[in-house]
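# Structural overview
Residue-level listing of the chains:
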Amino acid sequence: MSDYIEADGRLKDEGGAGRGGERFVRRLRSRESYRGVYSSGTFGRWKARIVVNGQKIHLGTFASADEAARAWDRKAIEFRGVHTATNFSLADYLP
């Protein structure tokens, strides 16, 4: 996916990527999902994981995607600093 996503989490402008690339980017934009969150596939639970220095760190399993996204945001701020892209407003996490 790094071919389609900028370092700050925004989608790259594909310009003349061709039909295959354009369809993939359209599919990414149409998904309602959070950074670092995916369905566990069982019992409607959600998992959060973050990649730090090439290692995947499992953050837990949550009842909702929102809870998992907030857990991811807190760890992203901890590991990457306050200038990282988050799923929700940064003001939600600062004192």
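Scope of this entry: the structure provided in the associated data block. Predicted, not measured: the structure shown is a model, and the values here were computed from it.

Each value, and the rule that gives it
- Counting from 1, residues in each chain are numbered in the order their sequence is written.
- With pLDDT at 70 or above as the cut-off, local features in this predicted model cover only qualifying residues; side-chain atom pairs require 80 or more to be listed or tallied, and sums for whole chains, interfaces and linings still use all residues.
- Excluding hydrogens and water, the side-chain values take into account all heavy atoms of the structure.
- Strands are labelled as partners when DSSP assigns at least two bridges between them.
- Helix numbers and strand numbers start at the N terminus; a helix is a DSSP run of H or I with at least 4 residues, a strand a run of E with at least 2.
- Every axis corresponds to a line fitted to the C-alpha atoms, with the helix fit spanning only the stretch in contact, and the corresponding angles, defined between N-to-C directions, vary from 0 to 180 degrees.
- We call two residues in contact whenever any of their non-hydrogen atoms come within 4.5 Å of each other.
- Salt bridge criterion: a side-chain nitrogen from Lys or Arg within 4 Å of a carboxyl oxygen from Asp or Glu.
- In this scheme, a residue with accessible area under 20% of its type's maximum is buried, one over 50% is exposed, and one in between is partly exposed, where area comes from a 1.4 Å probe on protein chains only.

### Section: the sheet that holds strand E1 (residues 37-39)
In any sheet, the strands associate via hydrogen bonds between backbone groups, in a parallel or an antiparallel arrangement. Strand order in this open sheet of 3 strands is E1-E2-E3, and the pairing throughout is antiparallel. Each having just a single partner strand, E1 and strand E3 (55-62) make up the two edges of the open sheet. Strand-to-strand, the axes of this sheet are offset by a mean angle of 30°, without reference to chain direction. In the sheet, E1 pairs with strand E2 (residues 46-52) via 3 bridges, with the strands oriented antiparallel. By the bridge assignment, Tyr-38 is partnered in E2 with Lys-47. In the packing of helix H2 (residues 65-80) onto the sheet, the strands contacted are E1, E2 and E3, and the crossing angle to E2 comes to about 15°.

### Considerations on the pattern of salt bridges
As enumerated under the stated definition, the model contains 2 salt bridges in all. Arg-70 serves as the salt-bridge partner of Asp-92, at 3.5 Å between the closest nitrogen and oxygen. Here the residue Asp-92 occupies a position in the segment after H2, and Arg-70 occupies one in helix H2, the gap between them amounting to 22 residues. Residue class for Asp-92 comes out partly exposed when judged on its relative accessible area of 47%. Lys-75 is the partner of Glu-78 in a salt bridge, and the nearest nitrogen-oxygen pair spans 3.2 Å. Placement of the pair is Glu-78 and Lys-75 together in helix H2, with a separation of 3 residues, close to one helical turn. Since its relative accessible area comes to 52%, Glu-78 is described here as exposed.

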